[in-house]
Amino acid sequence: MDAVVKPLSARKAVVADAGKPGSDSVGGKGPRRPTRAEAEAAVETLLRWIGENPAREGLVDTPRRVVKAYEELFAGYGENSAEVLDRVFEEVEGYSDIVLVRDISFFSHCEHHMVPIIGKAHIAYYPARGVVGLSKLARVVDVFARRLQTQEALTAQISDAINDALQPRGLAIMIEAEHMCMAMRGIQKQGASTITTRFSGVFADDPAEQARFMMLVRE
Ligand SMILES: Nc1nc2c(ncn2[C@@H]2O[C@H](COP(=O)(O)OP(=O)(O)OP(=O)(O)O)[C@@H](O)[C@H]2O)c(=O)[nH]1
Ligand SMILES: [Zn+2]
């Protein structure tokens, strides 16, 4: 959770690095991580700021609950994509055609407003030196989704992590998401969905492969 309190410049460096083996768990130098009590006090301040009375019965435990919920919602800062993708299975009877896991649901939070991004990721690759457990693709989505994000960075980080770990012949990532900061506030457009893609290897080189990916995602 250190990155939550890192200055923006330091945090940007972490994001740029993310996905490289061993470098996407956030930590190291930076401002001191606040204590749990300080984090709870910050929630209490926000409660007072919105006009609430943190001492009323329904709210006395809320700072504790919010901090606990943040540990879960932002658990990705303590996780490392390289560890998740550590185990490559090479004995797949020579299978080297497309592997596509679609509709991987995720929740993230936008880094501008800290409100939810709700979406689905679709991931396809052509194995070269083996395959990973299918659940690991979904786990790697959560490693990065459970951080403050932009959809573009999330897409790039997932792609970089899988490319580094698996070196597939091709990798395609598509993310479709609704940003609550556009739905609940600001422009207030519900149902608008944002699509981002990242193609590499044969998916970047061959438009027919991109078309195949799109067809499989949509069918
Ligand atoms: N590119 C990108 N923009 C995002 C993402 N999530 C939220 N945003 C946008 O980030 C922008 C932040 O704009 P600002 O003008 O700094 O903030 P704001 O005054 O709250 O903007 P409004 O949302 O337009 O009210 C908004 O346009 C959001 O829609 C994302 O994942 N990617
Ligand atoms: Zn936002």
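Taking an unreviewed UniProt entry as the reference, the protein is identified by name as GTP cyclohydrolase 1 belonging to Pseudochelatococcus lubricantis. The record in UniProt for the protein states the following under Catalytic activity (unreviewed entry): "GTP + H2O = 7,8-dihydroneopterin 3'-triphosphate + formate + H(+)". The Sequence similarities (unreviewed entry) comment attached to the protein in UniProt states, word for word, "Belongs to the GTP cyclohydrolase I family."

Peer 1: An account of the pairing of strand β2 (residues 99-110) is needed here, citing residue identities and associated values.
Peer 2: Relative to strand β3 (residues 116-126), β2 is paired through nine bridges, and the arrangement is antiparallel. Across the sheet, S105 pairs through a bridge with K120, a residue of β3. Here β2 folds back onto β3 in antiparallel fashion, the turn holding five residues, of which M114 has a positive phi close to 60°. In this structure, β2 lies alongside strand β5 (residues 148-149), joined through two bridges in parallel fashion. Of the residues in β5, the one forming a bridge with C110 is Q149.

Peer 1: Go over the site of ligand 1, please, and point to the residues and values.
Peer 2: Taken together, C110, H112, H113, T150, Q151, E152, H179, C181, M182, R185 and G186 are the residues near ligand 1. Between ligand 1 and the protein, one listed contact pairs an oxygen atom with a side-chain N or O atom of H113 at 2.6 Å. Contacts to ligand 1 include E152, whose side-chain N or O atom sits 2.8 Å from a nitrogen atom. The fraction of the free accessible surface of ligand 1 (630 Å²) that becomes covered by protein chains is 50%. For the shell around ligand 1, the secondary structure elements donating two or more residues are α6 (151-166) and α7 (180-183). Considering only residue class, the shell around ligand 1 consists of three nonpolar, six polar and two charged.

Peer 1: Explain the environment of G170 to me, using residue names and the numbers behind them.
Peer 2: As for its position among the elements, G170 is in strand β6 (residues 170-179). Under the relative-accessibility criterion, G170 is labelled buried at 1%. Put simply, G170 and I98 are 72 residues apart on the chain and 8.9 Å apart in space, counted from C-alpha to C-alpha. What G170 contacts, discounting residues up to four positions off in sequence, is A124, Y125, Y126, S200, G201, V202 and F203.

Peer 1: Before we move on, can you summarise the sheet that holds β6 with the specific residues and values?
Peer 2: An order of β5-β2-β3-β6-β7 is seen for the five strands of this open sheet, with the pairing classed as mixed. Each having just a single partner strand, β5 and β7 (194-201) make up the two edges of the open sheet. Against the sheet, α6 contacts β2, β3, β5, β6 and β7, and its axis sits at roughly 155° relative to β6. With respect to the sheet, helix α9 (residues 207-218) is in contact with β2, β3, β6 and β7, its orientation differing from that of β6 by roughly 45°.

Conventions used here
Residues numbered from 1 in each chain as written. Chains lettered and ligands numbered in written order. Predicted model: local features only at pLDDT ≥ 70, side-chain atom pairs only at ≥ 80, totals over all residues. Heavy atoms only, no water. UniProt positions renumbered as here; feature names shortened; annotations may be inferred. Pairing = 2+ DSSP bridges. Helix = DSSP H or I, 4+ residues; strand = E, 2+ residues; numbered from the N terminus. Near = heavy atom within 4 Å. Polar contact = N/O pair within 3.5 Å; in protein donor to acceptor, adjacent residues only side chain to side chain. Areas by Shrake-Rupley, 256 points an atom, 1.4 Å probe, with all protein chains shown as cover. Nonpolar A, V, L, I, M, F, W, Y, C, P; charged D, E, K, R; others polar. Buried < 20%, exposed > 50% of the residue type's maximum accessible area, 1.4 Å probe, protein only. Contact = heavy atoms within 4.5 Å. Axes fitted to C-alpha atoms, helices over the stretch in contact; angles between N-to-C directions.

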